[in-house]
Amino acid sequence: METSIYKMGNCAADDAAVSKAANVIKSGGLVAFPTETVYGLGADACNPEAAKKIYEAKGRPSDNPLIVHIAEFKDLAYIAKEVPKKASLLAKAFWPGPLTMIIHKNNNVPYETTGGLDTVAVRMPDHFVARRLIQMSGRLIAAPSANASGRPSPTLAEHVAEDLGGKIPIILDGGEVGIGLESTIVDLTEEIPLILRPGYITKAMLERIIGEVKTDPGILAAGDGARPKAPGMKYRHYAPRASLTVVNGNKEAVIRKINELTDKMRAKGKKVGVIGTDETAKAYRGDMVLSLGAREDEDVIARRLYRILREFDEGEADVIYSESFETPGIGQAIMNRLLKAAGHQVLDVAEYGGSKIV
Ligand code: TXA
Ligand code: MG
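None of these values were measured; they are calculated from a predicted model.

(A) Layout of the site of ligand 1. As a structural note, the neighbourhood of ligand 1 is formed by 28 residues, with Thr37, Asn64, His69, Ser183 and Gly232 the closest of them. In the model, an oxygen atom of ligand 1 is placed 2.6 Å from a nitrogen or oxygen of the Thr37 side chain. Within the complex, 98% of the 690 Å² of free accessible area of ligand 1 lies under protein. Of all the secondary-structure elements, those providing two or more residues to the shell around ligand 1 are strand 4 (67-69), strand 6 (119-123) and strand 10 (194-197). In terms of residue count, strand 6 provides more of the shell around ligand 1 than any other element does, four residues in total. Here the shell around ligand 1 is built from residues that sort into 16 nonpolar, eight polar and four charged.

(B) Region of the structure containing the side chain of Thr37. With respect to the helices and strands, Thr37 occurs in the loop between strand 2 (31-33) and strand 3 (40-44). Note on Thr37: relative accessible area 3%, which makes it buried. A distance of 3.1 Å separates a polar atom in the side chain of Thr37 from a polar atom in the side chain of Arg123.

(C) Representation of the sheet that holds strand 13 (residues 272-276). In spatial order, the strands read 14-13-15-12-16; together these five strands make up an open sheet with parallel pairing. The outermost strands of the open sheet, each flanked by one partner alone, are strand 14 (288-291) and strand 16 (346-348). When strand polarity is set aside, the average angle formed by the axes of neighbouring strands in this sheet is 20°. On the sheet, helix 9 (residues 251-267) packs against strand 12 (243-248), strand 13, strand 15 (319-323) and strand 16 and is oriented at approximately 175° with respect to strand 15.

(D) Main features of the domain arrangement of the protein. If you check the domain split of the protein, you get domain 1 (4-220) and domain 2 (243-357). The gap between the C-alpha centroids of domain 1 and domain 2 is 29 Å. With 25 residues of domain 1 at the contact, the number on the domain 2 side is 18 residues. Between domain 1 and domain 2, the buried area comes to about 1800 Å², and carbon and sulfur atoms account for 52% of it. Ranking the residues of domain 1 by area buried against domain 2 places Pro152, Leu181 and Pro198 at the top, with a combined share of 32%. Linking Asp163 and Arg310 is a salt bridge whose minimum nitrogen-to-oxygen distance equals 2.9 Å. Joining domain 1 to domain 2, the criterion identifies ten residue pairs in polar contact (both at pLDDT 80 or more). Ranked by residues supplied to the side of domain 1 that touches domain 2, first place goes to helix 7 (residues 157-164) with three residues. Residues belonging to the side of domain 1 that touches domain 2 are distributed by class as follows: ten nonpolar, nine polar and six charged.

What counts as what
- Residues numbered from 1 in each chain as written.
- Chains lettered and ligands numbered in written order.
- Predicted model: local features only at pLDDT ≥ 70, side-chain atom pairs only at ≥ 80, totals over all residues.
- Heavy atoms only, no water.
- Near = heavy atom within 4 Å.
- Polar contact = N/O pair within 3.5 Å; in protein donor to acceptor, adjacent residues only side chain to side chain.
- Areas by Shrake-Rupley, 256 points an atom, 1.4 Å probe, with all protein chains shown as cover.
- Helix = DSSP H or I, 4+ residues; strand = E, 2+ residues; numbered from the N terminus.
- Nonpolar A, V, L, I, M, F, W, Y, C, P; charged D, E, K, R; others polar.
- Buried < 20%, exposed > 50% of the residue type's maximum accessible area, 1.4 Å probe, protein only.
- Pairing = 2+ DSSP bridges.
- Axes fitted to C-alpha atoms, helices over the stretch in contact; angles between N-to-C directions.
- Contact = heavy atoms within 4.5 Å.
- Domains from an automatic or database assignment.
- Buried area = accessible area lost by both parts, 1.4 Å probe.
- Salt bridge = Lys/Arg side-chain N within 4 Å of Asp/Glu carboxyl O.

Next up, the structure:
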C-alpha cells in the first residue's frame, strides 16, 4: 500500500487533505494524525473491523484497549453508560487536553475497541487537525499512539512513516507535537480515581478539581510485583533497540559511573549512547552523546525524549546510559517512560555522596 503524507499548515487549506482522511475513516480505514501529545493511529471507534485493523498495523496485542478520541463534550454521553460527575468536572478543567478518562462503556462501543473490557478510555485532543478529522468524519476515532508496538511513540510524522509506512494510506503531518509524552490516564470507575499512566496533567492538578486521587502502585516501583491496571502499561513499551540503563545519583557520581561503564563497553567493541543534559553532555565519553536539553526545562525534555530514543536506534547504539529525571511535575511522566524503556534497569550511585542530581 502506498502511504500519502500531507503537510498541515495550520489553516483552512488543510481541509482538502483532512477531508480525504475523513473519507478513509468513514470507510473503515486507518489514518495517522497529530495530537498535542503524540501522533495517533485512528480508525472508526464504533466499527469493530476498523478497530481490528489498528492492532494488525501496529502488531499490537489485542487485549490492549484503545483510547476513543472525541471532538465535543456531548460525544462522551454517546459512549458512556453514564457520565460521572467527576468526568464532567475534569472535562471542564482539562479538555481539550492531555487527559484520558476511563469510564463504564455502553453498547455503542464494541469490545474490539476496548480489548474486551466493559470500560472505555476517552479523551478530547487539543489539536486542530485531530478535532477537524473527528468532526469531518462524523465518527469517534479510536487511536493508540502511531508507532509499531514496542517502539517509542511518534512525536514527528517521520516517525510514523518509519514504523507504519506502506501499511496505512494516509499520514497527516502536523510537524513536531507540543508535549511529546502520552496523555495522563485517570480511571474514574474506581471509588477513588486512580492514575494509570502519569502525563502532563499531574496528580496535584487533578486533585485541585476532584479531591483525592491515587496512583496505580503497579506503575511506580520497579519489579515490586504489583501489576499495572492499564493493560498497555505492562508491556515493555517505549523501548529503543539498545539495552538502556538509568543511572541515578548525584551529578558527579553519575558522570563518573557512566564514563566508567562506557569505557568497559567500548573495550568490548560496543557502541555506547549516553542521554545527558545541556549541563553535563560535554563530560561524557560515549560514541553518541545526546542532550535532552537544559535540566530545568522539563517541557523540552519531555518533547525530546522519544525522538532521542529513536536517534539511538538509527545510530545503532548497542547500549545506552541515561541520567535520571524526577520532579513533581512532568518529571514523573518523563521518569516513568524512561524506566519503561529501560525495562526498569536502574543503577543507584547515590552512595558516592555529594549533591543529588534529581
Ligand atoms: O496521548 C495519548 O493518549 C495518545 C494519543 C494518540 O491520544 N494515545 C495513546 O494511546 O497513548 P495508547 O494506545 O498508546 O495507550 C493507551 C493506554 C494503554 O496503556 C491502554 O492499556 C490504556 O490506555 N487503556 C485504554 N483503555 C483502557 C481501559 N478501558 N482500562 C484501562 N486502561 C486502558
Ligand atoms: Mg502507545
